[in-house]
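# Coordinates in review
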Amino acid sequence: MFDDVLQRLGINDVNSGVYADGWIDQPGGEELVSLNPATGEPVARVLTAARDDYERVVESAQQAFRDWRMTPAPVRGEFVRRLGMALREHKRDLGLLVTLEMGKIQSEGEGEVQEMIDMCDFSVGLSRQLYGLTIASERPQHRMMEQWHPLGVVGILSAFNFPVAVWAWNAAVAAVCGNATIWKPSPQTPLTAIAVQHIVHRVSTEMKLPPICGLAVGAGIETGQWMAADERLPLISATGSCDMGRAISPAVAQRLGRCLLELGGNNAIILTETADLDLALRGVLFAAVGTSGQRCTSLRRLIVHESNADAFVERLANAYKSVNIGKPWEEGVLMGPLANERAAETMMQAVETIRNQGGEIVCGGNRLDRPGYFVEPTIVRATADMPIVATETFAPILYVLTYKTLDEAIEIQNSVAQGLSSAIFTDRMQEAERFLSPIGSDCGIANVNIGTSGAEIGGAFGGEKETGGGREAGSDSWKAYMRRQTCTINWGDSLPLAQGVEFDVGS
Ligand code: UN1
């Protein structure tokens, strides 16, 4: 089944992971072997970028930018429209490749490609809406306006867990904004990136476009470091762990470049006394177990009113036990493997730490004895003061905490270092509104009667505090990919100065 899929997506046994002005046939970097996390077996090999390959990618993108920035934005939108059409054609195959290489279930793999398509559609509309303001000037016969210009070559660092959608969040918007991009995907998921690049290649060749989307797969952290330090990249958009952000951000800041960071989360749902528990059960299950707990928006902490806690945990544990864990491409499976051996080990270490810190494992807590990196989804009764509760473990571990008053629940929810996603389940509008008010959730995403994950692309996506502050995808996130220019035009015959300043030699 997969051989056909790989073939249709242009994936061979050995693949170039570098695209500059076309594919570089024999890039000189280390070879990567991409593994199927459900079996631990190799899928295919990838040749990565050495420094001189990277240079070629940057130079081609710079060259492409020179024309692209002067292509009218709605014409740039046409490229993204065609990309969206091509992605529709390949939705099933590309979704399956995501499943094969990353391990998320097929419905989520296809959902990720749908997210790319949605991003393309959104960006096509955006290509006619890159609006600037006109501002009243204090001077007579003057006009003030702001306009938005392309930035240049944008560096995209993406993570393994959304190996294709997050590229589209950045690349589709960056393209209509008139930028070229260079993509460094996670070394965990190079094949999905190569497959996407084949699609981009096809569309841009058909349209006879310059190579505005480059690719530089790297085996380790080096390529990301090159990009962070590279003055030719005015914006680095990086998705990954807080530690990655802490490494990238100072390097970009050192050269006074811009960063758009989407880092870790430690997301919570507050389950109030009045919550619709059936709704909440579904919301919690998808948020905590979906993608095997490997979304940055995954639910990590469930803060339940003490009156509901025991009964709800019992229902939830029953639901957990009926989650079908297995090969993510098989029908009926809800939970695939973790990404790799290290992820499975990290989860097992976290389980040990939970026990040492006094947490009670309600269900799960084990690695499954089969090939690949399978674990059980795990529920833990814990308290907010356990240090492990404040750390993000990228695995399906859910901490259940209890509260008495809503203010206490909000305080617990906000007490962690990260600030990505949050939610409340309640049927009382006073509680919902309090949660959404300035004394409520401190996160970039705050939902009511919806889980923490699965955001639509139309909103701006990202979070506060250690999540890094960046916003990607919808709303006005495009502004991060452009430079703002304030223009004042004097159409009169005199030269009045602002603030009433007089400055004349008197003739
Ligand atoms: C991520 O995990 O990095 O809201 C992105 C969601 C998805 C995106 C997650 N639309 O869960």
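Keep in mind it's a predicted model, so treat the numbers as computed, not measured.

## With respect to the domain arrangement of the chain
Frequently, the measure chosen for interface size is the accessible area removed from exposure when the parts meet. Here the domain parsing of the chain yields domain 1 (3-263 + 468-485) and domain 2 (267-456). Distance between the C-alpha centres of domain 1 and domain 2: 30 Å. Contact with domain 1, which involves 23 residues of that partner, is made by 25 residues of domain 2. Ranking the residues of domain 1 by area buried against domain 2 places Ala38, Ile105 and Glu108 at the top, with a combined share of 26%.

## What to know about the packing of aromatic side chains
Throughout the structure, instances matching the rule amount to eight aromatic pairs. Relative to tryptophan 329, the ring of phenylalanine 2 lies with its centre 5.1 Å away and its plane at 85°, an arrangement referred to as edge-to-face. On the criterion of sequence distance, the pair formed by phenylalanine 2 in helix α1 (residues 2-8) and tryptophan 329 in the loop between α11 (309-321) and α12 (341-356) is long-range, its members being 327 residues apart. Look at phenylalanine 2 and you get buried, because its relative accessible area is 15%. Centre to centre, the rings of tyrosine 54 and tryptophan 226 are 5.4 Å apart; their planes meet at 45°, and the pair counts as tilted. Taken as a pair, tyrosine 54 in helix α2 (residues 51-68) and tryptophan 226 in helix α8 (residues 222-229) lie far apart in primary sequence, 172 residues in all. For the pair formed by tyrosine 54 and tryptophan 226, the shared burial category is buried. Over the face of the ring belonging to phenylalanine 374 we find arginine 370, whose NZ or CZ atom lies 5.1 Å from the ring centre.

## With respect to the site of the ligand
Taken together, Glu115, Asn161, Phe162, Trp169, Glu262, Arg295, Cys296, Thr297, Ser453, Gly454, Ala455 and Phe461 make up the full set of residues near the ligand. Glycine 454 has a polar backbone atom sitting 2.8 Å from an oxygen atom of the ligand. Starting from 320 Å² of accessible surface for the ligand in isolation, the protein chains cover 99%. Given that more than half its atoms are within 2 Å of the pocket grid, the ligand belongs to the second largest pocket.

## A few points about the sheet that holds strand β24 (residues 482-490)
Read across the sheet, three strands follow the order β6-β7-β24 without closing on themselves; strand pairing throughout is antiparallel. Each edge of the sheet is formed by a strand with only one pairing partner; in this case those strands are β6 (134-135) and β24.

## Concerning the pattern of salt bridges
The tally for this structure, following the rule as stated, stands at 25 salt bridges. The salt bridge involving glutamate 341 is made with arginine 367; its shortest N-O contact spans 2.9 Å. One end of the pair, glutamate 341, is in helix α12; the other, arginine 367, is in the loop between β15 (360-363) and β16 (378-381), and 26 residues separate them in sequence. Glutamate 341 sits in the partly exposed class, given a relative accessible area of 32%. For arginine 367, a relative accessible area of 30% translates into the label partly exposed. In the salt-bridge network here, residues are joined through shared partners; they are Arg51, Glu55, Asp230 and Arg232.

## Observations concerning the packing of helix α3 (residues 73-89) against helix α6 (residues 165-176)
Contact pair α3 / α6: the axes reach a minimum separation of 8 Å and the direction vectors enclose 150°. As the angle between them shows, α3 and α6 are arranged roughly antiparallel. Between α3, through Ala73, Arg76, Gly77, Phe79, Val80 and Leu83, and α6, the contact on the second element is made entirely by Trp167, Ala172, Ala175 and Val176. The residue inventory of the contact of α3 with α6, partitioned by class, reads eight nonpolar, one polar and one charged.

## Let's talk about the sheet that holds strand β12 (residues 258-262)
The strand order across the open sheet built from seven strands is β3-β2-β10-β9-β8-β11-β12, with neighbouring strands paired in mixed fashion. Two strands lie at the open edges of the sheet, namely β3 (22-23) and β12, each paired on one side alone. By the bridge criterion, two bridges tie strand β2 (residues 18-20) to strand β10 (residues 213-216) in an arrangement that is antiparallel. Bridge pairing in β10 links valine 18 to alanine 216.

Conventions we followed
Residues numbered from 1 in each chain as written. Predicted model: local features only at pLDDT ≥ 70, side-chain atom pairs only at ≥ 80, totals over all residues. Heavy atoms only, no water. Domains from an automatic or database assignment. Contact = heavy atoms within 4.5 Å. Buried area = accessible area lost by both parts, 1.4 Å probe. Phe/Tyr/Trp six-rings, centres within 6.5 Å; stacked < 30°, edge-to-face > 60°. Helix = DSSP H or I, 4+ residues; strand = E, 2+ residues; numbered from the N terminus. Buried < 20%, exposed > 50% of the residue type's maximum accessible area, 1.4 Å probe, protein only. Lys NZ or Arg CZ within 6 Å of the ring centre and 35° of its normal. Near = heavy atom within 4 Å. Polar contact = N/O pair within 3.5 Å; in protein donor to acceptor, adjacent residues only side chain to side chain. Areas by Shrake-Rupley, 256 points an atom, 1.4 Å probe, with all protein chains shown as cover. 1 Å grid on protein atoms, 1.4 Å probe; cavity = no way out; pocket = protein on both sides within 12 Å on 5 of 7 lines; lining within 4 Å. Sits in = over half its atoms within 2 Å of the grid points. Pairing = 2+ DSSP bridges. Salt bridge = Lys/Arg side-chain N within 4 Å of Asp/Glu carboxyl O. Axes fitted to C-alpha atoms, helices over the stretch in contact; angles between N-to-C directions. Parallel < 35°, antiparallel > 145°, perpendicular 65-115°, else oblique. Nonpolar A, V, L, I, M, F, W, Y, C, P; charged D, E, K, R; others polar.

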